[in-house]
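# Structural overview
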Amino acid sequence: MKNILEVTNLTGGYTYDRPVLHDVSFSVRAREVIGLIGLNGAGKSTTIKHILGLMEPVKGKTVIHGTTFKEAPETYRSHLSYIPETPILYEEMTLWEHLQMMAMAYNLDETTFETRVHPLLKEFNMDNKVTWFPSHFSKGMRQKVMILCAFLVEPDLYIIDEPFVGLDPLGIHSLLELIETRKNNGAGILMSTHILPTAQQYCDRFIILHEGKIVMQGTLEELQAQMGHPHATLDDIYIYASRGKKV
Ligand SMILES: Nc1ncnc2c1ncn2[C@@H]1O[C@H](COP(=O)(O)OP(=O)(O)OP(=O)(O)O)[C@@H](O)[C@H]1O
C-alpha cells in the first residue's frame, strides 16, 4: 500500500531549544486507520499541528504524497482535512455557508457538492439546521459541523483529533461508518483518541506516544507480541507502554 503521509524523525515543539517531540517517525498508508494514542501531554496534538503545517520542525519532516508543507503549502493542504478537538466555527456564518465555504476552498464543483452534502446532513441529523448560526448549536452539533466539512471534501488524508468527545452515540456510529467507507475508498486516517476500546476495534495500527517519543507502534497483534502477552487489550498495552506496568 502506498504511503499518503510520512513523518520522518520529527523533532519539534513550541520553543526551538526545548522540543516536545523527539525523532517521531511513522506513516499513514492508503486504506488504513491509525490510532495515535498517549497520555495527556504525550504530544499527540503537537504531532498533529506539525502535520497540518502549523508548526515548523526543528528536525525531520512531514510529507504528504511526496511534498512538504514548505515546498507547496496549497497542494499539501488540499490532500487533507482536519477535524479539531475543539470546533472552530465562524459565528456569523450559517451551517450551509460553512459547507459552501469548504466546497469553495477545495474547488468542489456544484454537482459534487449537491450530491455529497445532503446525505451527509441527513446522516448527522443536521438537514433541518442548515440556516442555523453556530451560537444556536450544542457542543456536539458544533463538532458535527466540523465532521460535515471534513467529509464533504473527500480528501486522501483525514487528521482527526479526539473525535468522540461531545458526540452522541448515533453521531459516533455515523462518524465511524464514514471513516470505514472512506478508508475502503482509499483514504488514510490518523485519529488521536483516549477511547481505547473504540480505537482497538476500528484502527488498523497504533502509535503510542509517551513524553514526545514513540514507545510502541504496530498492529494490535504486533503490540501484543512486543509485550509478550497475546491477549492483551489496547488498554493493557497502553498502560504497559506509558507506565511500564505489567498486566
Ligand atoms: N501552546 C503551547 N505552548 C507551550 N507548550 C505547549 C503548548 N501546547 C502544548 N504544550 C506542551 O507540549 C506537550 C505536549 O502537549 P500536547 O498538547 O501535544 O499533548 P496531547 O498528547 O495532545 O495531550 P492531551 O491528551 O491532553 O490533548 C505538553 O508538555 C504541553 O505542556
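Residues numbered from 1 in each chain as written. Predicted model: local features only at pLDDT ≥ 70, side-chain atom pairs only at ≥ 80, totals over all residues.

An unreviewed UniProt entry annotates the protein as ABC transporter-like protein originating from Fictibacillus macauensis ZFHKF-1.

## Here we look at the packing of helix α3 (residues 95-105) against helix α5 (residues 139-152)
Where α3 meets α5, the closest approach of the two axes is 9 Å, and the angle between their N-to-C directions is 30°. If you check the angle between α3 and α5, you find them roughly parallel. Between α3 and α5 the crossing geometry is right-handed. Judged by residue contacts, L95, H98, L99, M102 and A103 of α3 engage V145, L148, C149 and L152 from α5. The class makeup of the residues in the contact of α3 with α5 is eight nonpolar, one polar and no charged. (Axes fitted to C-alpha atoms, helices over the stretch in contact; angles between N-to-C directions. Helix = DSSP H or I, 4+ residues; strand = E, 2+ residues; numbered from the N terminus. Parallel < 35°, antiparallel > 145°, perpendicular 65-115°, else oblique. Left-handed = near helix turned anticlockwise from the far one by under 90°. Contact = placed C-beta atoms within 7 Å. Nonpolar A, V, L, I, M, F, W, Y, C, P; charged D, E, K, R; others polar.)

## Focus: the sheet that holds strand β7 (residues 157-161)
An order of β6-β7-β8-β3-β9-β10 is seen for the six strands of this open sheet, with the pairing classed as mixed. Strands with a single pairing partner mark the edges of an open sheet, and in this sheet they are β6 (80-83) and β10 (213-218). Looking at each pair of strands side by side, their axes are set apart by 15° on average, direction ignored. Pairing of strand β3 (residues 32-38) with strand β8 (residues 188-192), which is carried by five bridges, proceeds in the parallel orientation. For V33, the partnering residue across the bridge sits in β8 and is I189. With respect to the sheet, helix α1 (residues 44-52) is in contact with β3, β6, β7, β8 and β9 (205-210), its orientation differing from that of β7 by roughly 150°. Its contacts with the sheet put α5 on β6 and β7, and the angle it makes with β6 is roughly 170°. (Pairing = 2+ DSSP bridges.)

## Digging into the pairing of β9
In terms of strand pairing, β3 meets β9 through five bridges, oriented parallel. The partner of I37 across the bridge, within β9, is I208. Direction of pairing for β9 relative to β10: antiparallel, over a ladder of five bridges. The residue of β10 that forms the bridge with L209 is I214. Following β9, the chain reverses through two residues before pairing antiparallel with β10; E211 in that reversal takes a positive phi of roughly 50°.

## A word on the UniProt feature "domain: ABC transporter" (unreviewed entry) in the protein
Per the UniProt entry, the sites bearing "domain: ABC transporter" (unreviewed entry) are residues 5-236 in this numbering. Within the segment residues 5-236, helix and strand shares are 38% and 25% respectively, and the terminal C-alpha atoms sit 28 Å apart. (UniProt positions renumbered as here; feature names shortened; annotations may be inferred.)

## Brief notes about the site of the ligand
As a structural note, the neighbourhood of the ligand is formed by Y14, V20, G38, N40, G41, A42, G43, K44, S45 and T46. The biggest single contributor to the shell around the ligand is α1, with three residues. Class assignment of the residues belonging to the shell around the ligand gives a composition of three nonpolar, six polar and one charged. (Near = placed C-beta within 6 Å.)

## Here's the deal with the environment of M93
Residue position: M93 is located in the loop between β6 and α3. In the structure, M93 is positioned 76 residues away from D17 in sequence and 41 Å away in space, judged by C-alpha atoms.

## Looking at the sheet that holds strand β5 (residues 67-68)
Taken in spatial order, the four strands make up an open sheet running β2-β1-β4-β5, and their pairing is antiparallel. On the outer flanks of this sheet lie β2 (21-29) and β5, each paired with one strand and no other. For strand β1 (residues 3-12) and strand β4 (residues 59-64), the ladder comprises five bridges, and the chain directions are antiparallel. Each bridged residue has a counterpart across the sheet, and for V7 the counterpart in β4 is T62. Relative to the sheet, α1 contacts β1, β2 and β4, its axis offset from that of β1 by approximately 115°.

## Looking at the nonpolar core
Membership of the largest hydrophobic core comes to 63 residues, with the highest contact counts inside it found for I34, L148, L157, I159 and I189. Two domains share this core, each providing at least three of its residues, namely domain 1 (3-79 + 155-243) and domain 2 (88-153). Setting aside residues up to four positions removed in sequence, I159 forms contacts with I48, I51, L52, L80, Y82 and L190. (Core = buried A, V, L, I, M, F, W, Y, C linked by C-beta atoms within 7 Å. Buried ≥ 20, exposed ≤ 12 C-beta atoms within 10 Å, placed from the backbone. Domains from an automatic or database assignment.)

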